[in-house]
2 protein chains.
Amino acid sequence: MAAAAFEISSPVGVIAGGGAMPFAVADSLKARGLDPVLFALKGACDPASAERFRHHWITVGQLGRTMKLLRAESCKDVIFIGTLVRPALSELRLDWGTLRVIRRIWAAFRGGDDHLLSGVGRIFEQQGFRLLGLKEVAPDLLMPQGCVTRKMPDKDASADIARGRELLAALGPFDVGQAVVVIDGHVVGVEGIEGTDELLRRIADLRARGRVRAAAGRGVLVKAPKDGQDLRYDLPAIGPRTVEGAAAAGLSGVAVVAGNTVVAEAQAMIEAADEAGLFVTGLAS
Amino acid sequence: MAAAAFEISSPVGVIAGGGAMPFAVADSLKARGLDPVLFALKGACDPASAERFRHHWITVGQLGRTMKLLRAESCKDVIFIGTLVRPALSELRLDWGTLRVIRRIWAAFRGGDDHLLSGVGRIFEQQGFRLLGLKEVAPDLLMPQGCVTRKMPDKDASADIARGRELLAALGPFDVGQAVVVIDGHVVGVEGIEGTDELLRRIADLRARGRVRAAAGRGVLVKAPKDGQDLRYDLPAIGPRTVEGAAAAGLSGVAVVAGNTVVAEAQAMIEAADEAGLFVTGLAS
């Protein structure tokens, strides 16, 4: 893989939000002999897991402090990873380093989430850091191409996948959700800011109420990165919970773009899919 | 209005689903001296209201019987109006007239809702009936151009409306929902098969949980017909409930395409909007 040849400067600064991913990234770095330093976002990053690594606690508004700490730790390469609810402006306890660049942050806030993250990312880059993505830092956490489960998509599922990809491509310019559910050629649900888990719960609910009439075991959750999305910040992610949600929604399987999708707890996800009789497949991008 | 010059053949066959619209159409026809005959769909059309008009009860599968009744009533012009949950095939009690055209219906079922309705519509047309839309039958029930409320969309709301229309145009080819919620330039929700009321409930819920951080009174529900949608069958609709949902979701107002949107209980809707301080505006198509 080309990513293997990519040279990373150790230690790596891991700006760590919520969920399991920041720790999976840190473990992946360590497995390859690189040192992670976590910059754990208060209120998002899990404190118990952060203890396993060298770490500093930061808040969202502390760009100045974060960059000072990164320099003190000799981190040149930085990755943003994990979940983060868009903060209310009132929650931001801005430091002086942040105030110096507040105009640019403000501009970032006015766009979608992509703009916010890439706006903050640009500020780090202007201060001499290199922003990396999972492709460079932990390529082993990305979805491979092809089907990873016992069940494979059949002809109908493949048609639903193609339809879903077309729709997501059309939504690309709008910085909106990255997922869609297609059943027997019908687009039944589109993800907004509520996220994939809630989209799947909605489909399960519509099915329970008889609004989705297709037999169980039909239809596909399709996830793809947004068009022009900066893949260093916001890769679509799947994991055991996605598979459980898809099973509860009565779908046939899950299709994501290979290489551009993070897999959380891959082994657990594949086992959950095999148990539920769902497929999980990585599409060529 | 050009529609006023349109000559309608009386009596008019009103294939009546659920909700208040079939009766509003029948009243509108009577007000203009035309005779409605309701073909009330069992399980969907309200029996008490149907009593107010000459009517026959039909089921979804009875195309043959319906066409025979239409001919017996000398109805040449027909309108499909009201809500109808997509029937399960097992619920369809097909009659012989339906069985003769079953292949075409089956083809219609495999596409989206548009295809289903226009597929059935084409079958009526092949049998010599003329399928009309609200524009011809009851133009007084359609949203006019311009703002109908005391509150008007401000500059931010207008920008959200423009964004929403762009997104709906992009979704057009996919036969999916007709509504989107945009707040401060962010697309926060996209309608799938769940419908507009549920989309608005979702936004209200996301706001209650702090996932939508914008101040109350910001953002717009934008509704538009799908691209290439056959407007005789499935016009987007708004009414008092839409306004109440938008208010509960903390939005600034509702924007729909003038002439291509049905307004249920217009006076009640405008009063609800004025009371809640929301705008409702009809956009040039």
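Residues numbered from 1 in each chain as written. Chains lettered and ligands numbered in written order. Predicted model: local features only at pLDDT ≥ 70, side-chain atom pairs only at ≥ 80, totals over all residues. Heavy atoms only, no water.

(A) Molecular detail of the side chain of B:Thr281. Checked against the element boundaries, B:Thr281 lands in strand E13 (residues 279–283). Among the residues examined, B:Thr281 registers a relative accessible area of 8% and is labelled buried. (Helix = DSSP H or I, 4+ residues; strand = E, 2+ residues; numbered from the N terminus. Buried < 20%, exposed > 50% of the residue type's maximum accessible area, 1.4 Å probe, protein only.)

(B) Quick look at the nonpolar core. Grouped together as the largest cluster of nonpolar side chains are 37 residues, with contacts concentrated most on A:Leu167 and B:Leu167. With six residues, the single largest contributor to this core is helix H8 (residues 155–171) of chain B. Ignoring anything within four residues of it in the chain, the contact list for B:Leu167 reads A:Leu171, A:Phe174, A:Val176, B:Val180, B:Val187 and B:Val190. (Core = buried A, V, L, I, M, F, W, Y, C linked by side-chain atoms within 4.5 Å. Contact = heavy atoms within 4.5 Å.)

(C) Summary view of helix H9 (residues 196–208) of chain B. Look at H9(B): 18 Å from first C-alpha to last across 13 residues, which is about the 18 Å you get at 1.5 Å a residue. Residues of H9(B) that are buried: B:Thr196, B:Glu198, B:Leu199, B:Leu200, B:Arg202, B:Ile203, B:Leu206 and B:Arg207. At its buried positions, H9(B) is contacted by strand E8 (186–190) and helix H9 (196–208) of chain A together with strand E7 (179–183), strand E8 (186–190), strand E9 (220–223) and helix H10 (240–248) of chain B. The positive-phi residue at the C-terminal boundary of H9(B) is B:Gly210, with phi of around 75 degrees. (Expected span 1.5 Å × (residues − 1).)

(D) Layout of the environment of A:Thr261. Residues and elements named next belong to chain A. Along the chain, Thr-261 falls in the loop between strand E11 (253–257) and strand E12 (262–263). Taking C-alpha positions, Thr-261 is 24 Å from Gly-185, a pair spaced 76 residues apart along the chain. Among residues more than four places away in sequence, those in contact with Thr-261 are Leu-141, Leu-142, Met-143, Leu-235, Pro-236, Ala-237, Ile-238 and Val-256. A distance of 2.7 Å separates the side chain of Thr-261 from the backbone oxygen of Val-257, its partner in a polar contact. (Polar contact = N/O pair within 3.5 Å; in protein donor to acceptor, adjacent residues only side chain to side chain.)

(E) Broad picture of the sheet that holds strand E3 (residues 55–58) of chain B. Residue and element names in this part refer to chain B. Strand order in the open sheet formed by five strands is E3-E2-E1-E4-E5, with parallel pairing between adjacent strands. The sheet is open, and its two edges are formed by E3 and strand E5 (130–132), each paired on a single side. Ignoring which end each strand starts from, the neighbouring axes of this sheet average 25 degrees apart. Here five bridges tie strand E1 (residues 12–16) to strand E4 (residues 77–81), and the two strands are oriented parallel to one another. In the strand pairing of E4, Gly-13 is matched with Val-78. (Pairing = 2+ DSSP bridges. Axes fitted to C-alpha atoms, helices over the stretch in contact; angles between N-to-C directions.)

(F) Main features of the packing of aromatic side chains. Counted according to the given criterion, the structure contains six aromatic pairs over all chains. Here the aromatic rings of A:Phe80 and A:Phe124 are separated by 5.4 Å at their centres, their planes lie at 80 degrees, and the arrangement is edge-to-face. Separated by 44 residues along the polypeptide, A:Phe80 in strand E4 (residues 77–81) and A:Phe124 in helix H6 (residues 113–126) bring together distant segments of the chain. Classification of A:Phe124 as buried rests on a relative accessible area of 2%. With a centroid separation of 6.3 Å and 10 degrees between ring planes, the pair formed by B:Phe23 and B:Phe53 is classed as stacked. Taken together, the residues B:Phe23 in helix H1 (residues 21–31) and B:Phe53 in the loop between helix H2 (47–50) and E3 connect sequence positions 30 residues apart. Overall, the relative accessible area of 6% leaves B:Phe23 in the buried class. Taken together, A:Phe80, A:Phe124 and A:Phe129 form an aromatic cluster joined through their ring pairs. (Phe/Tyr/Trp six-rings, centres within 6.5 Å; stacked < 30°, edge-to-face > 60°.)

(G) Layout of the environment of A:His56. Residue and element names in this part refer to chain A. Along the chain, His-56 falls in strand E3 (residues 55–58). Taking the C-alpha atoms as reference points, His-56 and Thr-66, 10 residues apart in sequence, are found 8.9 Å from one another. Setting aside residues up to four positions removed in sequence, His-56 forms contacts with Val-37, Leu-38, Phe-39, Ala-40, Leu-69 and Glu-73. A polar contact is formed between the side chain of His-56 and the side chain of Glu-73, at a distance of 2.6 Å.

(H) Molecular detail of the pattern of salt bridges. For the structure on display, the rule yields 24 salt bridges over all chains. The shortest N-O distance in the salt bridge between B:Arg202 and A:Glu194 comes to 3.8 Å. Pair noted here: B:Arg202 is in helix H9 and A:Glu194 is in the loop between E8 and H9, and the two residues belong to different chains. Of the two residues examined, B:Arg202 and A:Glu194, each falls in the buried class. Here B:Arg150 makes a salt bridge to B:Asp274, at a shortest N to O gap of 3.9 Å. In this pair, B:Arg150 is assigned in the loop between strand E6 (146–147) and H8 and B:Asp274 in helix H11 (residues 266–276), connecting sequence segments 124 residues apart. Via salt bridges that share partners, A:Glu194, A:Arg202, B:Glu194 and B:Arg202 belong to a single interconnected network. (Salt bridge = Lys/Arg side-chain N within 4 Å of Asp/Glu carboxyl O.)

(I) Examining the sheet that holds E8(A) more closely. Residue and element names in this part refer to chain A. Pairing is mixed in the open sheet, where six strands are placed in the order E6-E13-E11-E9-E7-E8. Edge strands, defined here as strands with exactly one partner in the open sheet, are strand E6 (146–147) and E8. Contacting strand E7 (179–183), E8, strand E9 (220–223), E11 and strand E13 (279–283), helix H8 (residues 155–171) crosses the sheet at an angle of about 35 degrees to E9.

(J) The pairing of strand E2 (residues 36–41) of chain B, seen in detail. All names here are of chain B. Most of E2 sits out of view: six of its six residues are buried. On E2, burial covers both faces: Pro-36, Leu-38 and Ala-40 on one face and Val-37, Phe-39 and Leu-41 on the other are all buried. Pairing analysis gives five bridges linking E1 to E2, with the strands arranged parallel. From the neighbouring strand, Ile-15 faces E2, where its bridge partner is Phe-39. Pairing of E2 with E3 involves four bridges; the strand directions are parallel.

(K) Main features of the packing of helix H10 (residues 240–248) of chain A against helix H11 (residues 266–276) of chain A. Residue and element names in this part refer to chain A. Interaxial distance between H10 and H11 falls to 8 Å at its minimum, and their mutual angle equals 20 degrees. Put simply, H10 runs roughly parallel to H11. At the point where H10 passes H11, the crossing takes the right-handed sense. Facing Pro-240, Val-243 and Ala-247 of H10, the residues of H11 in contact are Ala-268, Met-269, Ala-272, Ala-273 and Ala-276. Looking at the contact of H10 with H11, its residues break down into eight nonpolar, no polar and no charged. (Parallel < 35°, antiparallel > 145°, perpendicular 65-115°, else oblique. Left-handed = near helix turned anticlockwise from the far one by under 90°. Nonpolar A, V, L, I, M, F, W, Y, C, P; charged D, E, K, R; others polar.)

(L) Broad picture of helix H3 (residues 63–72) of chain B. Listed as buried for H3(B) are B:Leu63, B:Gly64, B:Thr66, B:Met67, B:Leu69 and B:Leu70. A positive backbone phi angle near 60 degrees is found at B:Ser74, which sits one or two residues after H3(B).

(M) Summary view of the side chain of A:Thr66. Residues and elements named next belong to chain A. By the secondary structure assignment, Thr-66 is in helix H3 (residues 63–72). Owing to a relative accessible area of 2%, Thr-66 belongs among the buried residues under this scheme. Among the polar contacts made by the side chain of Thr-66, one reaches the main-chain carbonyl oxygen of Gln-62 at a distance of 2.6 Å. In contact with Thr-66, other than residues within four places in its own chain, are Ile-15, Phe-39, Ile-58 and Phe-124.

So, to be careful, I would describe these as geometric facts and stop short of saying anything about function.
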